[in-house]
Amino acid sequence: MKSDRLLSIMLLLQTHGQLPAGALAERMEVSVRTIMRDVEALSAAGVPVYTTRGPQGGIALLPGFRTDVTGLTADEARALFVLLAGRAHADLGLGQAIGSALRKIMAALPAPHRPDADLTSRRILIDPARWRGRPSRPGADLAVLQQAVFTDRRLRLRYRHGRDSRVRSYTLDPYGLVSKADVWYLVADHRGEPQLFRADRTVSATVLDQPAQRRDGLELTDVWNTLRRRIDDIPAPVSVTVGVRREILARFLRIHEADLAPAPDALRPAAEADSGDPERQLAEPERQLDDPERQLVELRFRSLGAAEALLMFGADAEVLAPDELRQALARKAAEAAALYARQQ
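Okay, so let's go over this structure. (Residues numbered from 1 in each chain as written. Predicted model: local features only at pLDDT ≥ 70, side-chain atom pairs only at ≥ 80, totals over all residues. Heavy atoms only, no water.)

### Brief notes about the packing of aromatic side chains
1) Next: Inspection of the entire model under this criterion finds 3 aromatic pairs.
2) Next: Ring centres of Y159 and F197 lie 5.0 Å apart, and the angle between their planes is 90°; on these two criteria the pair is classed as edge-to-face. One end of the pair, Y159, is in strand 5 (residues 153–160); the other, F197, is in strand 8 (residues 193–198), with 38 residues separating them in the sequence.
3) Next: Look at Y159 and you get buried, because its relative accessible area is 4%.
4) Next: Ring geometry for F252 and F313: centres 4.9 Å apart, planes at 55°, overall tilted. Here the residue F252 occupies a position in helix 10 (residues 249–255), and F313 occupies one in the loop between helix 11 (304–307) and strand 12 (317–321), the gap between them amounting to 61 residues. Comparing F252 with F313, the two get one shared label, buried.
5) Next: Three or more aromatic residues joined by ring pairs form one cluster here, namely Y159, Y170 and F197. (Phe/Tyr/Trp six-rings, centres within 6.5 Å; stacked < 30°, edge-to-face > 60°. Helix = DSSP H or I, 4+ residues; strand = E, 2+ residues; numbered from the N terminus. Buried < 20%, exposed > 50% of the residue type's maximum accessible area, 1.4 Å probe, protein only.)

### Digging into the nonpolar core
1) Next: Ranked by internal contacts, the top residues of the largest apolar core, which has 19 residues, are V240, V242, V244, F252, V297, L299 and L310.
2) Next: Secondary-structure elements contributing two or more residues to this core are strand 10 (238–245), helix 10, strand 11 (294–301), strand 12 and helix 12 (323–342).
3) Next: Residue contributions to this core peak at 4 residues, all from strand 10.
4) Next: In this structure, L119, L155, L172 and A199 belong to the second largest nonpolar core, which totals 18 residues. (Core = buried A, V, L, I, M, F, W, Y, C linked by side-chain atoms within 4.5 Å.)

### A look at the sheet that holds strand 11
1) Next: Taken in spatial order, the 3 strands of this open sheet run 11-10-12, and their pairing is antiparallel. Because the sheet does not close on itself, it has two edges, and the strands there are strand 11 and strand 12. Between one strand axis and the next, the sheet turns through 30° on average, direction left out of account.
2) Next: Summarising the sheet, strand 10 and strand 11 pair through 8 bridges and their orientation is antiparallel. Looking at the pairing, V244 lines up with Q295 of strand 11.
3) Next: Sitting on the sheet, helix 12 is in contact with strand 10 and strand 12, with an inclination near 140° to strand 12. (Pairing = 2+ DSSP bridges. Axes fitted to C-alpha atoms, helices over the stretch in contact; angles between N-to-C directions. Contact = heavy atoms within 4.5 Å.)

### A look at the side chain of H256
1) Next: Inspection of the secondary structure puts H256 in the loop between helix 10 and strand 11.
2) Next: Using a relative accessible area of 4% as the deciding quantity, one classes H256 as buried.
3) Next: When near neighbours in sequence (up to four residues on either side) are disregarded, H256 contacts L299, F301, L310 and F313.

### Details of the environment of L299
1) Next: Here L299 shows up in strand 11.
2) Next: The class for L299 is buried, based on a relative accessible area of 0%.
3) Next: Placed 59 residues apart in sequence, L299 and V240 show a C-alpha to C-alpha distance of 5.1 Å.

Quick look at the structure:
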């Protein structure tokens, strides 16, 4: 709507000062001619806007024309700019709305608070989608990590790795912090390469006097998306067929939703193709069970070792294929039975 565009132009000029007509046209996704007509409309409405010609020219507001949001503290202003990942807004159809809302808030903030609010929007990202595993406490050093992020300083980190529990030391150039499903991660470069560090595995953290040496042109969202894809795009080549008792099917699917084999769209009703209900996303099994008390479920795992987690369901979930996984689970079950038999 034109009224929304006029307000956005006015707020952009309040925030950035003079802007070329071409830059405004690009931001508003309209022509330069439309921008010039909008400027005339603003002037006619009493907004003190003017244009200057030449290579250094542009569109600007007279000094002193500003609407402040009063009563906000610096922390309150920063809190407004701790945002969900952009995908969350896009899923709700609010991708463009969030950008417009932030421009309005930024322009209305008291001038002393704007730099901190802008820095917060570029250094903190919240991603609510859960990876495997349970939420954990952020750790006592989260405040130190945050200090390094906001002061643009290098960070000395002693970190315990999950795969082997070894503690290693790193000198890092941090981009920011990401909260993913209640787990905090530090996104940083180590020797020019992007790395991801769980805050709760930090043994110690020290902010150094050296400025962070980030790669030019990259922001937190750019590096985070690169690291996230490395994890999300790992192939899951091990196909597993499980017969699950129907009384625990809902719980089984909640736990293994991320492992469900994708169902071909041709096997699903069109209305269900994009459904978030795991029971509607079950792949059509290649075999059928004679037992009406069980539901066949097709899963994909990254390794046989990862698929051994199915043993937690005991007899409620029977692995039907592959045979090597059945044999591995049988061995583990026998070892556990023998262990507990000796203790009686």
